[in-house]
Each structure stands twice: as structure tokens, then as C-alpha cells.
Amino acid sequence: MSARSMEPAQIRQLMEEQLKHSRRLQARIQELEDRRHAPLAVVGMSLRLPGGLDTPDAYWDWLRAEGTADSEIPAERPGLRAVYDPVPGRPGRSYVQRAGFLSDISHFDADFFGISQREAKLLDPQQRMLLETAWEALERAGVAVRRSDRLDVGVFLGMMASEYGERLEDRADMTRIDPYYTTGGGLCFGAGRISHVMGFRGPVLSVDTACSSSLSALHLAVRALRNEECRYALVCGSNLLLSASLMVSLCQTRAVSPDGRSKSFLATADGYGRGEGVGVLVLMRQDDAEAEGRQVLATVRGSAVNHDGAASGLTAPNGPAQQEVFRAALADARVGAGELGYVEAHGTGTALGDPIEVGALDAVVGDAVRERGAPLPIGSVKARLGHLEAASGIAAVIKTVLMLRHREIPAALPDDGSALNPHIPWDRLSVTVPRRNRPWPSGPRVAGVNSFGMSGTNAHVVLQGYDAPGPAPAGDTGTELLTLSAKDPVALAELAGAVRAALKQTEPAQLSSVCHTLRAGRAPFAHRLAVTGTSAGELGEALGAALDARTAAEDTRAPAAPRTAVLRISGDEERLAAGLAALAAAYPSAAGAAEGAGAPAARLAGLLGTFGVRVRPQLDADLGEAARLEWEAGGATRTAPLVGDDPGEAPALLSAALGGLFTSGADLRLDALRAPGARFTPDLPTYPFQRKRFWIEEPLTGAGPEAAAAASEHKRGAPAPGDREAVRAYLLAELTEALHASEEPDTALSFLDSGGDSFLSVLFITKVEENYRLRLTAEELPLDLPLGELFARLADDIAETAAAGGAQERDA
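Each chain carries its own residue numbering, running from 1 in the direction its sequence is written. Owing to the predicted nature of the model, reporting of local features is limited to residues with pLDDT of at least 70; listing and counting of side-chain atom pairs is limited to 80 or more, with chain, interface and lining totals taken over all residues. Only hydrogens and water are set aside; all other atoms, that is, all heavy atoms of the structure, feed into the side-chain values.

Participant: Is there a simple way to think about the packing of aromatic side chains in this case?
Facilitator: For any pair of aromatic rings, the description rests on two quantities: the centre-to-centre distance and the angle between the ring planes. Here the aromatic set is Phe, Tyr and Trp, taking the six-membered ring for Trp, and pairing holds for ring centres within 6.5 Å; pairs whose planes are under 30 degrees apart are stacked, those over 60 apart are edge-to-face, and all others are tilted. Scanning the model with the defined rule gives 16 aromatic pairs in all. Relative to Tyr687, the ring of Phe112 has its centre 4.4 Å away and its plane inclined at 45 degrees; by these criteria the two rings are tilted. One end of the pair, Phe112, is in the loop between strand E4 (107-108) and helix H4 (117-122); the other, Tyr687, is in the loop between helix H22 (650-663) and strand E23 (692-693), with 575 residues separating them in the sequence. The same class applies to Phe112 and to Tyr687, which are both buried. Counting every residue linked through ring pairs, the aromatic cluster contains Phe108, Phe112, Phe113, Trp135, Phe525, Tyr687, Phe689 and Phe694. In this analysis the charged atom, NZ for Lys or CZ for Arg, is taken to sit over a ring once it is within 6 Å of the ring centre and within 35 degrees of the ring normal. Sitting above the plane of the Phe662 ring, Arg528 keeps its charged end 4.6 Å from the centroid. Only DSSP runs of H or I covering at least 4 residues are called helices, and only runs of E covering at least 2 are called strands; the numbering of each starts at the N terminus. Per-residue accessibility, obtained with a 1.4 Å probe over protein chains only, is compared with the maximum for each type, and a residue is labelled buried under 20%, exposed over 50%, and partly exposed between these values.

The structure is reproduced here in C-alpha cells:
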């Protein structure tokens, strides 16, 4: 049918159908685009950081205070101690005596995770700490880990070194190598072990991009969540300083600061201070988190990762590439540059890296920040914590989440008047480094976290503060059931004590959230306590009494879980129906079973089924109550009334009955007891892991007299500084040796084209400085010049510096 033969009404109808179709397509496109940029919620965090920091609250208190977290090399690291020499440049030696060391890396609760003592001893301590911190983060998020559930959790780990196994590598005796040597180390096993032990089924990825590893892992987690590859994501970062070899190597390149501290943005910047630590975040899609009642600590709005490409050197930062990753992350977050209220910079405290990073940041956000009239605060936790290398990104993100949550920016530098890096034109830039704690600036709470690695990989993440709905109004919350469990009696007693202390600080409006988290957000173990009460004080007292009442038999053996219970019904349907109505009002999540069609007895059985209780109804006309529950436990029959003379007491009776079943070992699902407005809370005590030492002693290492003598024999004689031609020949010979080249490089090629990089430039300059004084530093060396021109410039610098020094001596 042609358009001419169609009636106007038909044409109008066709146009309307096409318009509706077009709108549906546009809506679908918008839906897909929104999903591609969907915000992710941070719902849990855990950490092990230098200075004894092991909880987010402790980290925040430390951030708001003063001081650094560095310390001397621990006694249990004899290899690092053996290679120490305070004189920089000594072959086979490290000039570093201080770093950000963890207070304890040798103790672990192997029994909790079902790992044999033999395997535990051979596990890289990073794997042990990752297991514990991953568990803690999930508990704070309210995610109960039951291996049989095969939760849809992805694990994304940033880790760049596994050095613990080096102490087994004695080529003269291979008998110490056993099957656990492979799985005890290796980057892939750090992430894989978490998923294996906890029974997850999501994607598992280990990422090594050097110092940007954990922020790159976060980027991959964001993509996986948005693509619905998993429901929850564990983002982990880990780093330990165990290898004397790596420490010596970094010192030979002069990458690390002699005093072991990063001096971010300061004129005294002289390399980075190394550090170690472990951190874990739990992420999920924001709409899922809200639907599940998770407390959102902050949101991840966007992320980006790129590479420096053909930069001046593999390990040197690239300003244009960093600008690109800043812009890409802001675009992914759908955030304007002017909305940023803070940026947690990489800020290693190197003369080369800090100016490039700050300059790149200003190039991207400077105009927008200047337009709003207030400079952008920046900081770097490395200045106080140390540079945690592969774990530095996760430490920075956790810091930023805490800042967003508390609406405060801690001081980034001490307020001591110390001069800022003169290579950064602060007076022309729109950034500032706060020296005092300050409230978050007005406007949206948006922050960026930056990271780049020696591998050339850059990563940036944009976070935003989350404004949660207020707590439910305080009032009569009714009877609450509080449950605790552990794998042994000692841990149960420790947990009960910690929870009692937390209850003393619990506001009435938060009580239902506290109980909901402990009931539904924690996995049940063999040794158990359950109490009921209408206030935090009542629950605390009841916990103490229940703990005191535990018998030796209860402490030594776990109860056999009851398989079924008998639901005795009197036949008083009127009282039973009234009790069901009270239960439906108290527990809306279970209301469907209580209010459904059918006889009251069947509906009560269905209600109990929502909690995982398998019941066998039985009519008992002589029963005093309208309904009672009975089950076998410990060779005795336990009973608990469900609906008595006052049907309004049914919720309190049900809580007590479920508590009895819980302590008897029943496998319950108590999510449906959630009171209206209750949410999972991240601020409760986590599982008290029991500490046992698992450690392989480290064989003593060092340069040794033979190596020192060999190095002395290879020291090259240097010509007089004024003999420029001889100096140029000397420089060519030194570079040939540094390159391990079989023949002299072509002097028409540049240093970079000859195979050199930033590491080799430092080694080369260090060798030259053994014989000559130089004004040029390794960072200032023009590596893109032809070698002939480079050597001529260096020879001139050597001759002029020597002549100036001689003139000063004569004048003196």
C-alpha cells in the first residue's frame, strides 16, 4: 500500500507507532548507558597498616593526629638488616634502615580457615593476612560467608611481589621444597585462595602493575560489577618487605629516601619511603546495596586506567598520560572537574614524580577550580604512612572513603613551615596542600584518588560521599534477638566481651541495626550464644550472664544440630491468628508467610520455615499455649512457647525460641527478623582471630667480603676532570659496563635508544659520582640527546664544577 492510498488516520497511527518505537529504543539506549556508568557502593573495609593500625576507626584517628608510621627494620627480618650500610652506592648494600613495617606478620588463625599447620607455615604471610582482612571486610559489610552458599563474589587483588618463598631457595638442599611451595607463593594464589577458602564463584584476578596494582584491581572490579559478572567484589591490595634483593636494587637506583620517609610535595623530597600493608574493600552496585539494607560508606563514581606508552623511560611518569587518565575517570564518573573537592595524589615524594603529577592535575582541573574561586586541596598518605607500593592505592582509597564519610580533610603536611617543592609553581596553580585538619568544602563531596606505577600503568578513581537516610525514630523497638558464635570457646568469650563494650555505646535508634548485623551478617559457628532484650543494656547484661552460665561440656563440644522440631498446636485458632498478626506486624519481611491463605497452624509452620526451621505440626488439645515448639538437643527435649495467653507477646516468644534453636546448633536464616529501618552496620567488632606463629626463619644474606673485594677490583680509574676528551672516553666506558654491552654503543644514538632507562641513568650517574662532583642529577640528565652530546655536556659540567671547587679552595 502506498502512502498516497493510505487514509490520514492510518498515516497518523503509523507515525504514532514509529514514535513509540523510537522512544522505547531511546529509553533502552539510556538504560544501557546508565548501567555503563552506574555508581558502586563501598559497603565494607578492613586493613593492616604500619603503626599497628588494624581497623578503619583506628586509621581515621591516626589520620587526624600527627606523626609518621615508620620504624626500624624488625629483628625478624635479618636479611634486610644484614645488607644495611648507611653509605649510598655501596655495591650489594641498602642504605635504608627505616620503613613502614607492620607490627606482626607471623601470626595467623590457621584453624579458623581450615588450613593445616604445615601449609600455614609455608604460606606467604600476605595470603594469611588477605584471608583475615577479607573476612573482616565482609563481616563489616554484613555479608555472611557460608561456603555452601557459593556466594557470587569476585576477588580482585593488587600485589606485586611474593618474597617469602625466597628463604626456601637453597640450591644445595632442595628437600625443603614441597607441594605447598607453589601455592604458598605466586601472585595468582593470593586471590585464588580467598575464593577457594570462602567458596565464592565470581571472577578471580590478581593484578601486578607495580605501585598502581590495587587501584588497577579496583578498576577491574568496577567493570565486573557493572557488567553483572558478580554481585559483590572484594578489592584487595597487599605488600610486604621481605626481600633484601629488592631493597638493594631500589637503593642502587636511589629510588628510596635514605631516612625511609616520603616527603610528598616538599623541597626536601629525596625518594620514597617504603612501607607494607594489606587493605580490602567490599563493593557492590549501589541499587543492590540499598535494596539489601547495606550501609553505604561512599560510592565509586568512575575509574580509568591507561599506560604511559613511549615516555622518556619505562619507569618515569608521563604528564600527558596522567592528564588522559584524569579526564577518562571524570568522564566515566560523569563528574565535572569543578566538582572535585579533594584529590588524594600518588605523591611519592620524588623530585621527578611530584611536579609531573601536580602539573598534570592542574592542566585538567585548573581552569574549573580557578573559576569557582577556591583552590583544590591535595594530599598523599604516603607522607605519613609510607609508600605501600602495590597496596598504596587501597590505603589511599580507604583514607578517602573515611574522609568522605566524616566530612573532613586531614592535614597532608605538618604545620611546621617546611618549604614546598620549588619545582612545582604553586603560585600559578589552583591546588593547595593543607597543613591543618579542615572541614570538607561546601558543595558535593567528590574526590579523586590517583596512582601510577613503575610499569607505566596509571589509574585514577573518582569517589563521592553518600548521604544515607537517617535512623528510624527512637522508641519501643520491641524484643531483639542477639546471636554470637565462634569456632572455639576462647574466641566466643573475646567476641562477647567486645560486643558488650560496643553495646554500651549503642544509641536506641541503632539497636535494631546492631542485632540485625550480628544475626544475619555473620556466619554461624559451633560455639554459640543467643540472648533477648529490649535495650542495649539488657542485651549486654544477658550476654555476660549467658557466657558465665556456659558449662565445661558446652565449651568442649559443639551441639548436634536438631534436624526437625515439633510444632504443637492447641487448636485455638483465634489466639493463633492474633499471634500471627502480631508477628506479621513485628517482622514485615516474614509477613507473607504469616498473612497468607490457609489455616493458622499451616501459616505458622510456613513462618518458621522462612527462618530455616523444619517443623512437624502436631495437634495437642491439652496444650496450655496456643502454640509451642519442641526439639531434641544434647540428649534432652527443649521447649519454647510461641503464642501464649497474650498474642501480642508472640514476637518476643518467637525471638526466644529462635535463640534456643540457634544455641542448640540449628542452621537458621534470621534475615526475616529485620526490624523496619534496620540496616547492616560496619562499626561492630569482627571475629577475634586466634594467634599462632607460623614462620620460616630467614637465612642470613649480605654482600660479603668477596663481593666487596670484587667490586673494588672493578673500580675504574678516572682521568683528571679538566681533560675533557679523556673524561668523555671514561663516560663511554662506564655506560658500556652499566649496559652490560658487548661493545661500545653508537654515540649518535641517545641514552634511551642505546637501551638505557631511568634505573640505568641513576646507576650510571652514581658510578660517575664516585670520582667526580656533578651539578646535574639523574633526574636532570637529558636522556634524549645523542650520547656524543650528552657526554660532552657531562664533561663540561665535571670540568667546570672541579674548577669552581678549586677556586673556592684557593680563596679560602
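Participant: What should I look at first to understand the packing of helix H19 (residues 573-586) against H22 in this one?
Facilitator: Geometry of a packed helix pair, given as the angle between the helix axes and the separation of the axes. Inter-axis angles, ranging from 0 to 180 degrees, are taken between N-to-C directions of lines fitted to C-alpha atoms, where helices are fitted over the stretch in contact. Axis separation between H19 and H22 bottoms out at 8 Å; the angle between their running directions is 75 degrees. Judged on the interaxial angle alone, H22 and H19 are roughly perpendicular. Contact with H19, carried on its side by Gly579, Ala582, Leu583 and Ala586, involves Ala650, Pro651 and Leu654 of H22 and no other residues of that element. Of the residues assigned to the contact of H19 with H22, the class counts are 6 nonpolar, 1 polar and no charged. In this scheme, roughly parallel covers angles under 35 degrees and roughly antiparallel covers those over 145, while 65 to 115 is roughly perpendicular and the rest are oblique. Any two residues whose heavy atoms approach within 4.5 Å at even a single point are treated as in contact. Ten residues, namely Ala, Val, Leu, Ile, Met, Phe, Trp, Tyr, Cys and Pro, are considered nonpolar, four, namely Asp, Glu, Lys and Arg, are considered charged, and the remaining ones, Gly among them, are considered polar.

Participant: Which parts of the structure should I look at to understand the confidence of the model for the protein chain?
Facilitator: Detailed reading of predicted coordinates is not advised where the pLDDT is low. The pLDDT value tells you how sure the predictor is about a given residue, anywhere from 0 up to 100. Confidence in the prediction of the protein chain, expressed as mean pLDDT, is 88, and 90% of residues score 70 or more. Note that pLDDT drops below 50 for residues 703-714; the model gives that stretch 5 contacts with residues more than four away or on any other chain.

Participant: What is the right way to look at the pattern of salt bridges in this model?
Facilitator: Close approach of charged atoms allows side chains with opposite charge to pair. Here, a salt bridge means any side-chain nitrogen of Lys or Arg that lies within 4 Å of a carboxyl oxygen of Asp or Glu. According to the stated counting rule, one finds 40 salt bridges in the structure shown. We note a salt bridge from Arg405 to Asp683, for which the minimum N-O separation is 3.0 Å. In this pair, Arg405 sits in helix H14 (residues 392-406) while Asp683 sits in the loop between H22 and E23, placing the two residues 278 residues apart along the sequence. Using a relative accessible area of 29% as the deciding quantity, one classes Arg405 as partly exposed.

Participant: Which parts of the structure should I look at to understand the environment of Glu132?
Facilitator: Turning to its location among the elements, Glu132 is positioned in helix H5 (residues 125-141). Whenever two N or O atoms come within 3.5 Å, that pair is a polar contact, provided that in protein one can donate a hydrogen and the other can accept it, and provided that, for residues adjacent in sequence, both atoms are side-chain atoms. Reaching out from Glu132, the side chain makes a polar contact with the side chain of Arg48 at a distance of 3.5 Å. In this structure the side chain of Glu132 is engaged in a polar contact, spanning 3.1 Å, whose partner is the side chain of Arg691.

Participant: Quick question: what am I supposed to make of H5 here?
Facilitator: Residues lying three or four places apart along an α-helix face the same way, a consequence of the helix completing one turn every 3.6 residues. To estimate the expected span of a helix, count its residues, drop one, and scale the result by 1.5 Å. The first and last C-alpha atoms of H5 sit 24 Å apart over 17 residues, in line with the 24 Å expected at 1.5 Å per residue. In terms of burial, H5 is largely enclosed, as 17 of its 17 residues are buried. Looking at where H5 begins, the residue whose side-chain oxygen comes 2.9 Å from the main-chain nitrogen of Gln126 is Asp124. Downstream of H5 by a residue or two, Gly142 has a phi angle that is positive, lying close to 80 degrees.

Participant: Can you help me understand helix H12 (residues 353-372) in this one?
Facilitator: In this model H12 runs 28 Å from its N-terminal to its C-terminal C-alpha over 20 residues, within 8% of the 28 Å that 1.5 Å per residue would give. What is called the bend at a residue is the angle between a pair of axes, fitted to the seven residues leading up to and ending at it and to the seven starting from it. Along H12, the helix axis deviates most sharply at Val365, where the bend reaches about 60 degrees. Listed as buried for H12 are Gly353, Asp354, Pro355, Glu357, Val358, Ala360, Leu361, Asp362, Val364, Val365, Gly366 and Val369. Elements in contact with the buried residues of H12: helix H11 (319-333), strand E10 (342-344), strand E11 (376-379), strand E13 (431-432) and strand E15 (446-452).

Participant: What is the right way to read the sheet that holds strand E22 (residues 636-643) from this model?
Facilitator: Pairing between the strands of a sheet comes from backbone hydrogen bonds, and it takes one of two forms, parallel or antiparallel. The pairing criterion is simple: DSSP has to find at least two bridges between the two strands. The strand order across the open sheet built from 4 strands is E20-E19-E21-E22, with neighbouring strands paired in mixed fashion. A strand with exactly one partner marks an edge of an open sheet, and here the two such strands are strand E20 (615-619) and E22. Taking each pair of neighbouring strands and ignoring which way they run, the sheet shows an average axis angle of 25 degrees. In this sheet, E22 lies alongside strand E21 (residues 627-633) in antiparallel orientation, the contact comprising 7 bridges. Its bridge partner being in E22, Leu629 is matched across the sheet by Ala640. Across the sheet, helix H21 (residues 600-610) touches strand E19 (565-569), E20, E21 and E22, and the angle it forms with E19 is around 150 degrees. Sheet strands touched by H22: E21 and E22. Its angle to E22, the strand with the most contacts, is close to 160 degrees.

Participant: Sorry, what's going on with the nonpolar core here?
Facilitator: A general tendency of soluble globular proteins is for nonpolar side chains to be buried together. Definition used in this section: a nonpolar core is a set of buried Ala, Val, Leu, Ile, Met, Phe, Trp, Tyr and Cys residues joined via side-chain atoms within 4.5 Å. Membership of the largest hydrophobic core comes to 72 residues, with the highest contact counts inside it found for Phe113, Trp135, Ile194, Met198, Phe200, Leu234 and Leu482. If you tally residues by element for this core, the top one is H5, at 8 residues. Once residues lying within four places of it in the same chain are set aside, the contact partners of Leu482 are Val499, Leu503, Cys515, Leu518, Leu529, Ala530, Val531, Leu539 and Leu543.

Participant: What am I meant to see in empty space enclosed by the protein here?
Facilitator: Rolled over the atoms, a probe sized like a water molecule indicates the empty space that remains. Grid points spaced at 1 Å over the protein atoms alone were grouped into cavities, where a 1.4 Å probe fits but cannot get out, and pockets, open sets with protein on both sides within 12 Å along at least five of seven lines, with lining residues defined by an atom within 4 Å of a point. Grid points are joined across faces, edges and corners, and a volume is the space filled by probe spheres set on the points. Taken as a whole and assessed by the stated rule, the structure comprises 8 cavities of 30 Å³ or more. Put simply, the largest cavity is a space of about 170 Å³. Lining the largest cavity are 16 residues, and of these Ser485, Leu518, Arg522, Ala523 and Pro524 lie nearest its centre. Elements with a contribution of two residues or more to the lining of the largest cavity: strand E17 (480-486) and helix H16 (511-520). Here the residues of the lining of the largest cavity sort into 10 nonpolar, 2 polar and 4 charged.

Participant: Where do I start with the sheet that holds strand E8 (residues 277-285) in this structure?
Facilitator: Read across the sheet, 11 strands follow the order E6-E5-E7-E8-E1-E9-E16-E15-E10-E11-E13 without closing on themselves; strand pairing throughout is mixed. Edge positions in the open sheet fall to strand E6 (204-207) and E13, since each of these has one partner strand only. Relative to E11, H12 is tilted by about 155 degrees, and along the sheet it contacts E10, E11, E13 and E15.

Participant: How should I be thinking about the pairing of E19 in this particular structure?
Facilitator: Successive residues of a regular strand alternate their side chains across the two faces of the sheet. Among the 5 residues in E19, 5 count as buried, and that is most of the element. By the alternation rule, side chains of E19 split into Ala565, Leu567 and Ile569 and Val566 and Arg568, which are all buried. For E19 and E20, the ladder comprises 5 bridges, and the chain directions are parallel. By the bridge assignment, Val566 is partnered in E20 with Arg616. One ladder, built from 4 bridges, connects E19 with E21; its direction is antiparallel. Looking at E21, one finds that Arg568 is bridged to Arg628.

Participant: Looking at this model, I keep getting lost on unusual backbone geometry. Mind explaining?
Facilitator: The residue Arg150 is not glycine, and still its phi comes out positive at about 45 degrees. Along the polypeptide, Arg150 turns up in the loop between H5 and strand E5 (153-159). Residue Arg150 is classed as partly exposed on the basis of its relative accessible area, which comes to 48%. Backbone geometry at Glu389 places phi at a positive 55 degrees, although glycine is not the residue there. Examined against the element boundaries, Glu389 turns out to sit in the loop between helix H13 (382-385) and H14.

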